[in-house]
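# Structure assessment
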Amino acid sequence: MAVTVVGSVAFDALETPFGKRDRILGGAATHFSLAASFFSDVRVVGVVGEDFGSEEFEVFAARGINMDDVEQVPGARSFFWSGLYEDDMAVAHTLDTQLNVFAEFDPKLSQHARESAILFLANIQPDLQRQVREQCNGAALVGLDSMNYWIESARSSLLETMRCVDTIVFNDAEVRMLTGEPNLARAAREIRELVGPRVLLVKQGAYGACMFTETSFFSIPAYPLETVIDPTGAGDAFAGGFFGFLDSLDEPDFDDNHLRCAAVLGSVMASYCVEDFGSERLQRLTRREIAERFEEFKHMTAFESPPVVAQLRR
Ligand code: AMP
């Protein structure tokens, strides 16, 4: 099976309290595909400019990621994003967004990309996300991410796209912004009532993530890292681990245990992503490191206890 992802493939300029990079490989589909490639075959749907060179394509090739559905436009420039993080790296400022090739993008998927069991609509203009969704009718599971930029500038289109997916992966600020509701549990209920996803994953940065389904709630911690270098792409890496793992199952499904395991692996991948700038850490990550941290997560989240009721005094 395979995962198809559509989203930005970009150059980023990043500044965090730990340093800066003027122009590195970035984009939501980049971080997602690198993370998912540890679990599954991945196909990227996107567009880049002439400035996207063999060095950048090689990063994907090294992880076996299929780029046949990435169009390269001669004479044009790739998507560019510039972000600045405060000392509290949960606070990010967008300094510049240049859509460039994405302004004219008209995605036409190959038959292979249409046939993937899992489709992930990573962060990009919601009309484009819907165009891709419509071409992948057979996908067993469709996930969606977005960001404040689109909530503000394309809200009604985004709501329409949210109605065509079954799993939504937003961060807590986006969930609050979309609903205007500060309480996360209420905001999650509102989103479920408004657009009806089967699964709503809410990423909470250094506090981990939580998952709301029709019948259950699950909270995943973030790995307790002592140094975080750059949070860019953590959300996409989380989604890559999550959907990549589901795709590695015989049949992707909504079994609670599978979803929980997928969410823990999402947290593992996000924790590695933030250890260096952009996708640099994911590019040199190993299977052994993923397996080791997954085991640590299992210890962090599981414990044995005596029957608690017997311990209560009154
Ligand atoms: P994240 O940190 O997970 O929110 O994603 C960061 C990535 O999103 C960066 O590498 C950017 O290139 C990309 N990005 C930033 N703004 C946008 C946007 N408006 N549309 C699509 N991708 C974006």
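Just above sits the structure.
Report on the accompanying structure. Counting restarts for each chain: residues are numbered from 1 in the order of the written sequence. With pLDDT at 70 or above as the cut-off, local features in this predicted model cover only qualifying residues; side-chain atom pairs require 80 or more to be listed or tallied, and sums for whole chains, interfaces and linings still use all residues. As a rule here, side-chain values cover all heavy atoms of the structure and leave hydrogens and water aside.

It is worth spelling out the overall build of the protein chain at this point. We count a stretch as a helix when DSSP gives it H or I for four or more residues in a row; a strand needs E for two or more, and each element gets its number in order from the N terminus. Per the secondary structure count, the protein chain includes 13 helices and 13 strands. Using C-alpha atoms as the atom set, the radius of gyration is obtained and then compared with a globule rule of 2.2 Å times the number of residues to the power 0.38. Relative to a compact globule of 314 residues, whose C-alpha radius of gyration would be 20 Å, the protein chain shows 19 Å and is just as compact. Considering only C-alpha atoms, the protein chain reaches an extent of 75 × 40 × 40 Å along its principal axes. The buried share of the protein chain, reckoned over its 314 residues, is 55%. Long-range contacts, defined as pairs at least 24 residues apart, comprise 65% of the intrachain contacts of the protein chain with a sequence gap of at least 6. The Shrake-Rupley method, run with a 1.4 Å probe, gives the accessible areas here. Residue values count only the displayed protein chains as cover. As displayed, the protein chain has an accessible area near 14,400 Å², and 48% of this comes from carbon and sulfur atoms. In this tally, Asp and Glu contribute negative charge and Lys and Arg positive charge; neither His nor the terminal groups of the chain are included. The atom standing in for a charge is NZ when the residue is Lys, CZ when it is Arg, CG when it is Asp and CD when it is Glu. Counting 27 positive and 48 negative side-chain charges, the protein chain places the centres of these two groups 6 Å from one another. Only protein chains enter the accessibility calculation, which uses a 1.4 Å probe. A residue is then buried if its area is under 20% of the maximum for its type, exposed if over 50%, and partly exposed in between. In this analysis, two residues are considered to be in contact whenever any of their non-hydrogen atoms come within 4.5 Å of each other.

A word on the nonpolar core. Side-chain atoms within 4.5 Å are what join buried Ala, Val, Leu, Ile, Met, Phe, Trp, Tyr and Cys residues into a set we call a nonpolar core. With 61 residues, the main nonpolar core has Phe-242, Phe-243 and Leu-246 as its most contacted residues. Top element by residues in this core is helix 10 (residues 256–273). It accounts for 10 residues. Leave out the neighbours within four places in its chain, and Phe-242 touches Thr-167, Leu-201, Met-211, Leu-259, Ala-262, Ala-263 and Gly-266.

To continue, consider the site of the ligand. Residues are classed as near a molecule or strand on a simple rule: at least one heavy atom within 4 Å of it. Among the 19 residues in the neighbourhood of the ligand, the closest are listed as Ser-8, Asp-12, Gly-27, Gly-233 and Asp-236. Whenever two N or O atoms come within 3.5 Å, that pair is a polar contact, provided that in protein one can donate a hydrogen and the other can accept it, and provided that, for residues adjacent in sequence, both atoms are side-chain atoms. Here an oxygen atom of the ligand and a backbone polar atom of Gly-233 are 2.7 Å apart. Contacts to the ligand include Asp-236, whose side-chain N or O atom sits 2.9 Å from an oxygen atom. When isolated, the ligand has an accessible area of 510 Å², and the protein chains bury 90% of it. Secondary structure elements with two or more residues in the shell around the ligand: strand 2 (10–16), helix 1 (28–36), strand 6 (79–85), helix 5 (148–153) and helix 9 (234–248).

Residues Val-308, Val-309 and Leu-312 make up a contiguous nonpolar surface patch of roughly 320 Å² in combined accessible area. One can find Leu-312 in the segment after helix 13 (308–311). A patch consists of residues whose relative accessible area exceeds 30% and which take part in no salt bridge; residues with like charges are grouped when within 9 Å of each other, and nonpolar side chains (Val, Leu, Ile, Met, Phe, Trp, Tyr) when within 5 Å. Salt bridges are identified by distance alone: a Lys or Arg side-chain nitrogen within 4 Å of an Asp or Glu carboxyl oxygen.

When DSSP finds two or more bridges between a pair of strands, those strands are recorded as paired. Read from one edge to the other, the open sheet built from four strands follows the order 3-2-6-7, with strand pairing classed as mixed. The sheet is open, and its two borders are formed by strand 3 (19–26) and strand 7 (92–98), each paired with just one other strand. Each strand axis lies, on average, 15 degrees off the axis of its neighbour in the sheet, ignoring direction. Here strand 2 pairs with strand 6 via six bridges, running parallel. Looking across to strand 6, one finds that Phe-11 is bridged to Phe-80. Angles shown run from 0 to 180 degrees and are taken between the N-to-C directions of axes, each axis being a line fitted to C-alpha atoms and, for helices, limited to the stretch in contact.

Looking now at the packing of aromatic side chains. For Phe, Tyr and Trp, rings pair up if their centres lie within 6.5 Å, where Trp contributes its six-membered ring, and each pair is then called stacked (planes under 30 degrees apart), edge-to-face (over 60) or tilted (otherwise). Applying the stated criterion to the full structure yields 12 aromatic pairs. Centre to centre, the rings of Phe-32 and Phe-243 are 6.5 Å apart; their planes meet at 40 degrees, and the pair counts as tilted. Here Phe-32, found in helix 1, pairs with Phe-243, found in helix 9; they are 211 residues apart in sequence, far enough to count as distant. There is no split in this pair, since Phe-32 and Phe-243 are both buried. With a centroid separation of 6.5 Å and an interplanar angle of 40 degrees, the aromatic rings of Phe-52 and Phe-60 are classed as tilted. For the pair shown, Phe-52 and Phe-60 are each scored as buried.

Hydrogen bonds along the backbone pair up the strands of a sheet, which may run parallel or antiparallel. A sheet is described by the order of its strands in space; here nine strands give the open sequence 5-4-1-8-9-10-11-12-13, paired in mixed fashion. The open sheet has two edge strands with one neighbour each: strand 5 (66–73) and strand 13 (217–220). Geometrically, the sheet is characterised by an average inter-axis angle of 15 degrees between neighbouring strands, direction not taken into account. Of the pairings in the sheet, the one linking strand 9 (residues 141–144) to strand 10 (residues 167–171) comprises two bridges and is parallel in character. By the bridge assignment for strand 10, Gly-143 is matched with Thr-167. Along the sheet face, helix 1 touches strand 1 (2–6), strand 4 (41–49) and strand 8 (118–121) and points at about 170 degrees away from the line of strand 1.

The next thing to look at is helix 10. Here helix 10 is 18 residues long and its end C-alpha atoms lie 26 Å apart, about the 26 Å a rise of 1.5 Å per residue gives. With 13 of 18 residues buried, helix 10 lies mostly within the body of the structure. The N-cap of helix 10, judged by a side-chain oxygen 3.0 Å from the amide nitrogen of Asn-257 a few residues on, is Asp-255. A helix is expected to reach a length of 1.5 Å times the quantity of its residues less one.

Right, let's get into the pattern of salt bridges. Under the criterion given, the structure shown has 15 salt bridges. Across the salt bridge formed by Glu-160 and Arg-130, the nearest N and O atoms sit 3.6 Å from each other. In this pair, Glu-160 sits in helix 6 (residues 155–162) while Arg-130 sits in helix 4 (residues 126–135), placing the two residues 30 residues apart along the sequence. Judged by its relative accessible area of 12%, Arg-130 falls in the buried class. A salt bridge links Lys-203 to Asp-145, with the nearest nitrogen and oxygen atoms 3.5 Å apart.

By themselves, these observations are geometric and do not establish any function.
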